[in-house]
Amino acid sequence: MRRIRLPGVAFASLLWLSASCVAAGASLKGTVVMTGPVPPQKKLEVTNNQYTCGTEKEPGDLILSARKEVSNAVVWIDNPPAGAGSFKDAKVEMDQKACVFIPRIVIVPAGETMFFLNSDRLLHNIHATPSLNVAINKAQPRNRSIPATFVKPEIVRIGCDLHPWMTAWVVVAAHPWYAITGPEGQFAFDNLPPGQYKLNAWHERLGKVEMNATVGEQPAQIRIEMKAR
Ligand SMILES: [Cu+2]
């Protein structure tokens, strides 16, 4: 009989947890979805270093679920709540493995230092081409960690000049209210004070959209649509 009772106890404590979260501040959850026909996606040809890189690569610039939910979109609050939220105290790293940047997109607080890594047995380079920050163009031998600090908020493209199919993005965040969507297009801002918020969503292929969201005492759920193009 004990085995039957245990799930009940777990369920009750989950309910209690969610009730206390709402009291501390509501949440804004959402999904980014692409509308329109799925554009054709061509594999990228690998022209050199095939022993490490393989012969072709997934483009990686538009990753959709079966329901056209969009991975790797950035969602941020344009008018963040004053005094609320804090950055996660985690080291931000972007690796290069089998000639692909992993992860493809990272968030780093403006002014904080992040690190580029190279796990491959060959030379890569880090070529950051920002608009507002100082550009970076450095050779990167295997296992070397290259620190990088971007001071001004913007989304910076990263490439490798030796392997032109390699692309990644660094989101230099002005404040903690930035999120990258998961495999089902999902994002969440927890403990967000009630209010009217302006959301921005950006995706490397789909561009940028803006949307308003109202957060009350109860969790809010929104859907952000981005048109195929
Ligand atoms: Cu490379």
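Owing to the predicted nature of the structure, the values given are computational and were not obtained by experimental measurement. (Residues numbered from 1 in each chain as written. Predicted model: local features only at pLDDT ≥ 70, side-chain atom pairs only at ≥ 80, totals over all residues.)

### Details of the sheet that holds strand β7 (residues 105-109)
A sheet is described by the order of its strands in space; here five strands give the open sequence β7-β13-β12-β9-β10, paired in mixed fashion. Strand pairing shows two members of the sheet lacking a second neighbour, β7 and β10 (136-140), which therefore form its edges. On average, each strand axis in the sheet is inclined to that of its neighbour by 20 degrees, with strand direction left out of account. Looking at chain direction, β7 and strand β13 (residues 167-173) are connected through five bridges and run parallel. By the bridge assignment for β13, Pro109 is matched with Ala173. (Pairing = 2+ DSSP bridges. Helix = DSSP H or I, 4+ residues; strand = E, 2+ residues; numbered from the N terminus. Axes fitted to C-alpha atoms, helices over the stretch in contact; angles between N-to-C directions.)

### Some words on the pairing of strand β4 (residues 74-77)
Residues Val74 and Trp76 of β4 are buried on one face, and the alternating residues Val75 and Ile77, pointing to the opposite face, are buried as well. As judged from the three bridges shared by β4 and strand β14 (residues 178-180), these two strands associate in the antiparallel manner. Opposite Val74, over in β14, you have Ile180 as the bridge partner. Note that β4 and strand β16 (residues 195-203) share four bridges and pair antiparallel. (Buried ≥ 20, exposed ≤ 12 C-beta atoms within 10 Å, placed from the backbone.)

### Looking at the confidence of the model for the protein
Predicted confidence across the protein gives a mean pLDDT of 90, with 89% of residues reaching 70 or more. Residue range residues 1-23 is modelled with pLDDT below 50. Its contacts to residues more than four positions away, or to other chains, number three contacts. (pLDDT = per-residue confidence, 0-100. Contact = placed C-beta atoms within 7 Å.)

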